[in-house]
Every structure is written in C-alpha cells, then in structure tokens.
Amino acid sequence: MDKVMSNKKVIALYVLPALLLIAVIIYVPLVLTAYYGLNAWNGIGSPRFIGLSNYRELIRDGLFWDSAWHSFLLAIFSTLSLILYLAVAMVLASRIKGANTFRKIYLIPMLLSSVAIAQLWLKVYHPTNGILNSFLETLGVKNPPSWLADSSLVLYALFVPILWQYAGFYILIYYAALKNIPTTLEEAAKIDGANALQIAWRIKLPLTMEVVKVTIVLAAVGSLKYFDLIYIMTGGGPNGASEVMASYMYRLAFRSYDFGYASAVGFFLLILSLAVTWIIRRLTASDDKIQYS
Amino acid sequence: MPVMKKISMLLTISILLALTACGQAKNEGGDKGTGGGEGGDTKKVTITFMHLWPEGVSAGQNRIVNQIIQEYQNDNPNVTIKQDVLDNEQYKNKLKVLSSSNQLPDVGVTWAAGFLVPYVEGNLFTPLDDLLSEGLGDSFVAGTTDAYAIDGKTYALPLEFNIAPIYYNRAIFEQYNLDVPETYEEFKQVVSTLASNGVAPIALGNRDRWTGSLWYMYLADRIAGQEALASAIKGEGSFADEALLRAATEVQNLVDMNAFVRGFNGLSNEEAKSEFLNGNAAMYLMGSWDLPNFTTNEDIPQEFRDSVGFFKFPTVEGGRGNINSWVGGPGVGLFVSEKSPVKEEAKKFVRYFVERWGEQSVTGAGVIPATKVDTASLDLPKLYEDLFNEMNNATSITLFADVQMEAQAAETHLNQIQALFGKSVTPQQFAETHDKVLQR
Amino acid sequence: MTSMSQTGRIGSGASKHSSGGVSGKIGYLILYVILLVVAGFQLFPLVWLFFFSLKNNQEIFNLPPLALPKQWRWENYVKVWEAGNIDIYFFNSVWITVVSTVLTVILGSLVTFAITRMRWKLSSLVLGMFMAAMMIPVHSTLIPLFSMFNRVGLIDHPLSLIISYVAFNMPITIMILLGFYYALPKEVEEASVIDGCSVHRMFFRIILPMTGSVLATTSIINMIYNWNEFIFVNTFISSDRLKTLTVGVQNFIGQYTTDWGAIGATLMISVLPILIAFLFLSDRIIEGIAAGSVKG
C-alpha cells in the first residue's frame, strides 16, 4: 500500500504541471516586484537602483498607512461577517421549505461583475435620488448624508457592497461543507433530544471547522488585497478617505507613474498577507483531523 | 497503462498546441511593420494605430477615423492600417504597459505637457517638427502645438482644442429673474438666490477631481492673474502667494454657500452633468467638448437644448485676471513611436490624418480641432459660433493644471482639490502641499 | 434509521421539525420571512439591471433606479450585438472561461490528490507554495507578466489569458478541494490497492467521481472569476476579435460621454450565461450528494 501511494513518478506527474505554472506566472513576477521595489522607475525609461529608499519612504508615508488601516478595517468586518454567512448556510442546508431555491437566489449577486455591482450601488448611494436616500427621506429623515462624499462615512458605505459581493461565495463554501456532514450524525443527535441550535453548535460547527479556518484566511487576505469596488466607485476618495492598499498601489503605478514605489507597496502588501495568514493559522491551529469512523 | 497514455497524449497535444500558437503569434509579430518580404515596386507596410474612440460611444470620431483610414489606404495601396481601439481609462493603462516594454504602436494618442514628459525623456516619441513645415504649422491655432513641445521640439500634433465656459440654463435664470453675471459679486448673488430657492446653483462632480480643478483655476486666474498661476504650476512661483491663497479660500466660500449640488465630492462628472441636463442645477462649468450635448445630441430633449447658453467666468473686483482669459487648451494629439519600424510612413499618415480630421471633426463629431476652422463655410449651431468667436478673442488660454503638471504632481494636485472642496484641508495646507511637490 | 440515511433526503424537506408546538412554528415563520426579505435583496440587482438595460442615458439619471423604462429600448441590445461586436466577445468569453476552468479543476484535483492522499516528504512544502501564491496582489504582476508574455510572443494571444487564469485560480481551487479530500475515507484507497488498482485508475475511476460535489463548487467559482475577469484581458489583449465581454463593455465608455443603456444591455448579456451555468451546476452539487457516493 505504502509503495503504491508514494510512487515518486506519479506524484511528480500530478504535481509538477500546476507547480510549474504557479512558479512562472506567480513567483517570477513576485521576484520581479521585489526587484522593482528597490528601484526608482517610471515604467518608461530604465529602472534606477536606489536600494531600500522606497521602503524608507513607505514607512513615512501617511497616505499609505491610512490605506493600510482601511484595508485592515475591511479585513476585520469581512471576517466577522463570516459568522453571518455560516448561520445563513446552516439554515439553507437544513430541511427548510424551498431551501434549494433560496440557495440559488442568494448566490446570484456573486455572478455579477464588479462593474455591474458598482453601478448598482452608485445608484443606491446617490445623494439626491439614490434608493437609500429616497427611502430615508420618505421616512422623514431631513438631510440624509451624502454617503460617498462624506469622508467619515464613505469607507463604511463601501464595505456594504464589498461584503455583499462576496457573501454568496462564502455561503456556497459553507453550504458544501455542511452538506458533507453525514445525516446520520444529525439524526442520532435529534433522537438524543438535541434541538436545532444545539445541533448547530455541537455537531455542525466542529465538523466544518477546517473549512471555516480556510475561509477566515481567504476573507482576511482577500480584504487586504481588495481593489475593485473601491477604485470603481470612489477612486479611493474623497482625498484618500476610502483608499485601500491595492488601490493606492494601482494609482501609484498607473497614474503617478511611480512604478518603483508602487512595487515596494505591492511587495509590502504581499509580506503583510503572508504574515496575517501565518498569524491566523497559528491562532486557529488544532492537530486533530476529524474522522468519521 | 491506458490512463498514462491518455495523460501523455493530452500533454503532448497541449505542448504542440502551445508551440504552434507561439509560432503563430511570433509570425504575426514579425509581419507587423517590417515592411519586408513581398516583391514588387512598393513595399507592403502595416501601421499600427491605437486610439480611444470606440464605435459604441464615440460614434462620430470613430466614423471619421475609419473614413480617413479608408481614404489613406485607397491613396496608398501598399499601406495597411491596423486599429486598436480602447476606451479612455483603459487606453491610458494600456499605453503605460506598452511603453514599459517598448511595444508602443506606430501611431497613438497622447495628452499634452506633463503627460508627455516621461515619454519624451524615455525617447519613445519621435519629433514631428518636419511635419509642421509646408504650412501645416500655420494651420494650427496659435499655441496649441506649444503644449506638445519640449525643448523646442514638437512630439505630437494636437487634434482637439477646447475652452471651458460656464453653461447655464436660461429657463431657470428667467424663472428667478437672474441676469448673466459679469462680475464675481453678481455671480455670488446668483448663487445665493438659487440656493435659497432650493435650486442647486452649480452642477459639479468632484469625484473625478479635475472638474473641481477648473473652478480653482478660474478663481486663481481671475484673482491672481494668469502669470502668477502659471508660474506656481511650474514650481517657480508659490501657491502660497496671497492672491492664490485667496482663490483657494473663495472655493471654500462657495462650498459654504451651498453653491454645488448635494454630495458633489462623491459624484462623478457624468452624474453631475445629468443634474444639469435634467434641469436640477442651473450652471455647469465644463469644456467645449460637451457642446454636442447642448446642440446636436438627439437623446437630450430639444427643449433643454434650446435653453442652454454660456457665459465667461466672471471677473473678480481688484483681481488681475480679465474676462477673456480662458482655461482650456489642446486636447489629445497623435504621436509617432520613435522605435517604429515604419516611422516615415507613420509620419506621413499622421500629417494626412491631422489635415483631414480638421476638416471634418466639427461637423462629423462636434469636436473642435486644433487646426483653424473656417466657420463661415460651415453651418454650425449658434453655440458653436459664439464659442468660436470667444476663442478668437481670447487673450490667454491656460492649460488645465493636471495636464500641465507631471504625473505625480498632477495626482497630488487632484487629491488636494478634492480635499479643498471637502474642507478637509485649509487653503494654507493646500498651498504648502502643492509647493512641496512642485518645487522638488 | 438506516433507510433514511441511505437515501439521504436533504434539501427540499418534506419532513417537519419535531420540536415543540407554537413557539417552534412562530420561530419558523419569522425565519422564513427573513429569508424571503433577503431573497428579495439578492434578486433585486437582476431586476434593476434588466430595467437599466432598457433605458437610455436620460432615464437612467433622471428616474429613480427601479422605475420602469418609459420606452422599452430593446434596440440597446440590438445595437450592442451588432455595432458593439458583443457576439464575438461573447464567444471568446465562453470558450476561454470553459477551457480555463476545466484545466484548473483537473490540474487542481491532481495536485490536491497527490498532496492529501499520497505519501511524500515535500507535500507540506508544496502545499505551502501553492497557498502562498494566493498572497500576491494581482495588479503588481501586470507589468512583469506583460514583458514575459511579450518575449514569447503570447501578447494578444488567448493562451496568455488561459495560463494566467489557471495559475491565479489554482490556490483557491486547491484550497476548496483540500478539505474534501482530507475527509475522504482511507478505506476506498486501501480497497482499490488490494484489488490491484494502479494509482491512476484509482484516481480517475474512483476518487475523482467521488468529488463530484466539490468539483461543481470549484467549477462555479472558477467560472465566475474567469467570466468576469477584466484586468488581464485589458492588458494582454488588443485585437478586437480576441476580446471578451468584460472588456467589451468598455466600448461604450467614451472620452467624454458614456452610453449607459448599452452598458446595461452588455452587462445583462454577460450575466445570463453565467446564471444559466450556475443554475445547472448548483443542481449537480445536490445530485452528487444524493447519489450517496460519499457515505458508501
């Protein structure tokens, strides 16, 4: 058995194609990004080596740290919202009438492109005739805020569509995981007198833990790298109030033509993502892998 | 083992596919503009032309471009022109990526001044002064080619020319018994009357930031004068100059007066423009490129179009600017890549294009070209004629600040504009941040 | 008990919860209402998009977002399909999405299988390498990838997209498959080895089919990403005949004006195939489970 399952040739055959692909498409640019980060380059002429200057500037760059803070906020909100998604998935996976249809409907926003979602939410947040403000005005609110123009509100206003965009993704993952729990366990617990909440907490949750841990990492890192709706809806404004690291990096590269510095930011973002992943794995580590038998 | 065979077959096929695909792509790359191979008298030449007028939304320009290309190809049968069409934003990105690996198209579109600098420094655009000889140079409106010149050499030929008036809705003005303001005091009166009557005085979409910059520039021009502004932008003068500080303060005064539509700092220019088009806002400071919307665009109700007029930005009492000083300048221009293998042919094409474009752009796309237009021979809507008159009487035209400045400074300027309008910086801070980045 | 679990009736439940009388029923009702409301929220974008695609610029900015269009401008769709070249972009989107998804899922399954079920020392390291690849911000790879592709003549070639999509989707595909593969009972492998199965046969004939439900999940996720992907297409592809729908939308964003109705129509056309694929595949998730293959 062992010999069959450790056949080196087979392993190589199965793993190498994908590994090679990743190495070329992801790791090589990664190294190049690190290299560019050590240069001053406007993307047009030749790069000029300046050592760690970009990183020194990064440390002093208030705009960057603001954007980093915003990214972190998003990561926190994103991770917290996982609880909600898990709960929804549990409901959908249970024997509720029409769960099937609900599941399909809930996942629909996930299919829309960022452009569509951005357009939709711009219409929701429009200061005068947007859906939200029109609704608030009919409720009697006198001067509803301009959600995307108010520096103190804009970031949180953007979090809503961002989280909404990915809700379907996480619900789907949790749903698939929950569906893999053998119904025998649930039946047995019910016969023992457990109610729905106890079943959820004591049985379903532990069995989906592996998946939950994975989604925590995904949510956190995905938030740190997030770009789309921020850039499309506000461009990071007003004046950086909704800037995140990825949009800051993008503007540095493609608008300010400061590609060396942008690469430094990108590389830093990468290291940050690795660090966060490591921390999360540490915090959620457990040795037992659950067996069914 | 059958499965092994399947896998190895798949792999071989994919590798073969990849190789042939690569080979094909390389061949196509080889054809591009080497102008070699075919026998005969004239060499076959392919010119790659990248522009930002997609058929979907710049129908007029797109039509003109295709027509010109057709004509050129007919007149020069050995030449094929290959188009690459992108929209504005993506065009800028693509250009950047292409330039970083020396893959610029033979002919492309560029913006003036600050945008041009890195490309010129990187030796990516070829000088086009020889095209300006034989009369072409004179056919340009004075000063338009200067914005595309660095160190005495011209690196692109402009295709557009714009100035920015304040458009206003005559119906609304009549409704509140308002006259066209000629001084800034009168202007503020208009603003407060409208605001107190619940009508948004000015449509402004400052999410795009350059729109707010127009307001600042005019205030700066009228208060501090064109030279002070120009020298501050160049980094020679200072934005903390008393008159320029006053201009920044005036911006914030206008904000306090509720002169701009609600939530302007988060609205896009499109959204703001629609407030004006829907009659929700009375005034709109914008470039002459928007004229088609107020004249020929059938999608906009005729009633509205008939009630649009424009006036010049009012003068400020005690200020050094005069009413015939405008913000505006050349729009996009055509460049020829320095590394182009078909440089001479490309240059010939550019010259041809600029001439033909100038003949048709107004009537065909509502775009004012940078070459002089004989308005008498054309049947133009009144707004166009009035605007052309103003252009001829202009005493000075200052190019948009974010176009004048280099990329990094331009970004800082635009962000500061948003901050100024959003009142998250003081005029003093506004000035200091500018000086810091411009005087580097 | 045994018969119920073997048929594994799940999902569209006919059975009701046996827990307590009125309070249980009220709780159920409240839950149901909440679910309905949320469903409304989730459906509303499609409805909005549909209306949006039938308006023109004026109506879009003038009328409230959910208002019916004054005139149902089906010509937006016609314009977009003919003048906007959407038919070409549609075809490209479809084939590139499908090919990339299939490749990613197959290669990902191979890797996950090897890492989780086969025994070798470097498995954790290799897994780590795949996971770490997820950290890179996409936008910082644009310029390096462009010059690399350029050097091998793959610029303006669909292969550049396919390889990029497969590479960037590999980590998350593996991640999703991982949990599932870990939970597969060892007995299956032991049984097949005893029966004299080679690894390949075991994988392709037995294990892979067992993963039907996760394959459906990862396929959906891959397809959505590939279908809506934008920045790579925009950077690597110039020729019109190779563009996809996401970039095609940009045709309607001009230098100074934008045709929003056309954009809406394009977006609507873009959503439909992925919607259909999704509805089709999501049933497969249920089928895969109901087939009872996991519990064996």
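Residues numbered from 1 in each chain as written. Chains lettered and ligands numbered in written order. Predicted model: local features only at pLDDT ≥ 70, side-chain atom pairs only at ≥ 80, totals over all residues. Heavy atoms only, no water.

Q: What's the story with the overall build of chain C in this structure? I'm lost.
A: The helix and strand tally for chain C stands at 14 helices and zero strands. Along the chain direction, N to C, the helices and strands of chain C fall in the order α-α-α-α-α-α-α-α-α-α-α-α-α-α. Taking all 296 residues of chain C together, the buried fraction comes to 59%. Residue pairs in contact within chain C that sit at least 24 positions apart in sequence constitute 73% of those at least 6 positions apart. Accessible surface, chain C: about 11,900 Å² in total, of which carbon and sulfur atoms supply 69%. (Helix = DSSP H or I, 4+ residues; strand = E, 2+ residues; numbered from the N terminus. Buried < 20%, exposed > 50% of the residue type's maximum accessible area, 1.4 Å probe, protein only. Contact = heavy atoms within 4.5 Å. Areas by Shrake-Rupley, 256 points an atom, 1.4 Å probe, with all protein chains shown as cover.)

Q: What is the right way to look at the overall build of chain A in this model?
A: Check the secondary structure of chain A and you find 14 helices and two strands. Counting only C-alpha atoms, chain A reaches 70 × 70 × 30 Å along its principal axes. Expressed as a percentage of its 293 residues, the buried residues of chain A come to 59%. When the accessible surface of chain A is totalled, it reaches about 12,300 Å², and 67% of it is carbon and sulfur.

Q: What exactly am I supposed to notice about the interface of chain C and chain A here?
A: How big an interface is tends to be reported as the loss of accessible area on association of its parts. At the junction of the two partners, chain C supplies 96 residues and chain A supplies 85 residues. When chain C packs against chain A, the two sides together hide about 8,900 Å² of surface, and 77% of this comes from carbon and sulfur. Sorting the residues of chain C by area buried against chain A places Gln42(C), Arg119(C) and Met135(C) first, and these three jointly supply 8% of that buried surface. At the junction of chain C and chain A, the tally comes to zero salt bridges. Joining chain C to chain A, the criterion identifies nine residue pairs in polar contact (both at pLDDT 80 or more). Broken down by element, the side of chain C that touches chain A gets its largest block of residues, 16 residues, from helix α2 (residues 22-52) of chain C. Split by residue class, the side of chain C that touches chain A holds 74 nonpolar, 15 polar and seven charged. (Buried area = accessible area lost by both parts, 1.4 Å probe. Salt bridge = Lys/Arg side-chain N within 4 Å of Asp/Glu carboxyl O. Polar contact = N/O pair within 3.5 Å; in protein donor to acceptor, adjacent residues only side chain to side chain. Nonpolar A, V, L, I, M, F, W, Y, C, P; charged D, E, K, R; others polar.)

Q: I'm lost on the sheet that holds strand β11 (residues 308-311) of chain B in this one. Help?
A: Pairing between sheet strands relies on hydrogen bonds along the backbone, with the strands arranged either parallel or antiparallel. Residues and elements named next belong to chain B. Read from one edge of the open sheet, four strands run β9-β10-β8-β11, paired in mixed fashion. Each edge of the open sheet is held by one strand with a lone partner, namely β9 (200-202) and β11. Here the average twist between neighbouring strands, direction ignored, is 25°. In this sheet, β11 lies alongside strand β8 (residues 166-169) in antiparallel orientation, the contact comprising four bridges. Following the sheet pairing, Tyr-167 is matched in β11 by Phe-310. Taken strand by strand, helix α8 (residues 184-196) contacts β8, β9, β10 (281-285) and β11, and its axis lies near 140° from that of β10. (Pairing = 2+ DSSP bridges. Axes fitted to C-alpha atoms, helices over the stretch in contact; angles between N-to-C directions.)

Q: How should I be thinking about the interface of chain B and chain A in this particular structure?
A: At the junction of the two partners, chain B supplies 31 residues and chain A supplies 33 residues. Together chain B and chain A conceal approximately 2,800 Å² of surface at their shared face, both sides included; 52% is due to carbon and sulfur atoms. When the buried surface of chain B facing chain A is broken down by residue, Lys96(B), Arg207(B) and Arg262(B) rank first, second and third, together holding 26% of it. Linking chain B with chain A are two salt bridges. We note a salt bridge from Arg262(B) to Glu137(A), for which the minimum N-O separation is 3.2 Å. At the junction of chain B and chain A, the tally comes to nine residue pairs in polar contact (both at pLDDT 80 or more). Broken down by secondary-structure element, the contributors of at least two residues to the side of chain B that touches chain A are α1 (2-31), α3 (88-100), α4 (116-121), α12 (269-277) and α18 (407-421) of chain B. Residues that form the side of chain B that touches chain A fall into these classes: eleven nonpolar, eleven polar and nine charged.

Q: How should I be thinking about the side chain of Thr277(A) in this particular structure?
A: In this fold, Thr277(A) is placed in helix α14 (residues 259-283). When its relative accessible area of 12% is taken as the criterion, Thr277(A) is described as buried. Residues contacting Thr277(A), with those up to four places away along its chain left out, are Val217(A), Val221(A) and Met135(C).

Q: Sorry, what's going on with the sheet that holds strand β12 (residues 325-330) of chain B here?
A: All names here are of chain B. An order of β7-β12-β14 is seen for the three strands of this open sheet, with the pairing classed as mixed. Each edge of the open sheet is held by one strand with a lone partner, namely β7 (161-163) and β14 (396-398). Strand-to-strand, the axes of this sheet are offset by a mean angle of 40°, without reference to chain direction. In this structure, β12 lies alongside β14, joined through three bridges in parallel fashion. Counted as the bridge partner of Ser-325 is Ser-396 from β14.

Q: How should the nonpolar core be read in this particular structure?
A: Note that soluble globular proteins tend to have their nonpolar side chains buried in a common cluster. In terms of nonpolar packing, the biggest core is built from 348 residues, with Phe187(B), Trp215(B), Tyr216(B), Phe260(B), Met283(B) and Phe130(C) touching the most fellow members. Element by element, the count of residues in this core is highest for helix α8 (residues 154-179) of chain A, at 18 residues. Discounting chain neighbours no more than four positions away, the residues touching Phe260(B) are Ile202(B), Leu204(B), Trp215(B), Leu254(B), Val255(B) and Phe421(B). (Core = buried A, V, L, I, M, F, W, Y, C linked by side-chain atoms within 4.5 Å.)

Q: Mind showing me how you'd approach helix α6 (residues 123-132) of chain C here?
A: Within an α-helix, residues lying three or four positions from one another point in the same direction, as the helix has 3.6 residues per turn. For α6(C), the complete set of buried residues consists of Ser123(C), Val126(C), Leu127(C), Phe130(C) and Met131(C). Projected onto a plane normal to the axis of α6(C), the buried residues spread over an arc of 140° and lie on a single side. Facing away from the buried surface of α6(C) by more than 90 degrees, the exposed residues are Ser124(C) and Leu125(C). Those residues of α6(C) hidden inside the fold are in contact with α2 (8-36) of chain A together with α5 (86-117) and α8 (158-182) of chain C. (Arc of directions from axis to C-beta.)

Q: What should I look at first to understand the packing of helix α4 (residues 62-93) of chain A against helix α11 (residues 209-224) of chain A in this one?
A: Helix-helix packing: each pair is described by the crossing angle between the helix axes and the interaxial distance. Residues and elements named next belong to chain A. Across the interface, α4 lies against α11 with an axial gap of 8 Å and an inter-helix angle of 150°. Judged by the angle between their axes, α4 and α11 are roughly antiparallel. In terms of crossing hand, the pair formed by α4 and α11 is right-handed. Residues Ser-71, Phe-72, Leu-74, Ala-75, Ser-78, Thr-79, Leu-82 and Leu-86 of α4 touch α11, and the partners they reach there are Val-212, Thr-215, Ile-216, Ala-219, Ala-220, Ser-223 and Leu-224. Split by residue class, the contact of α4 with α11 holds ten nonpolar, five polar and no charged. (Parallel < 35°, antiparallel > 145°, perpendicular 65-115°, else oblique. Left-handed = near helix turned anticlockwise from the far one by under 90°.)

By themselves these figures say nothing about function.
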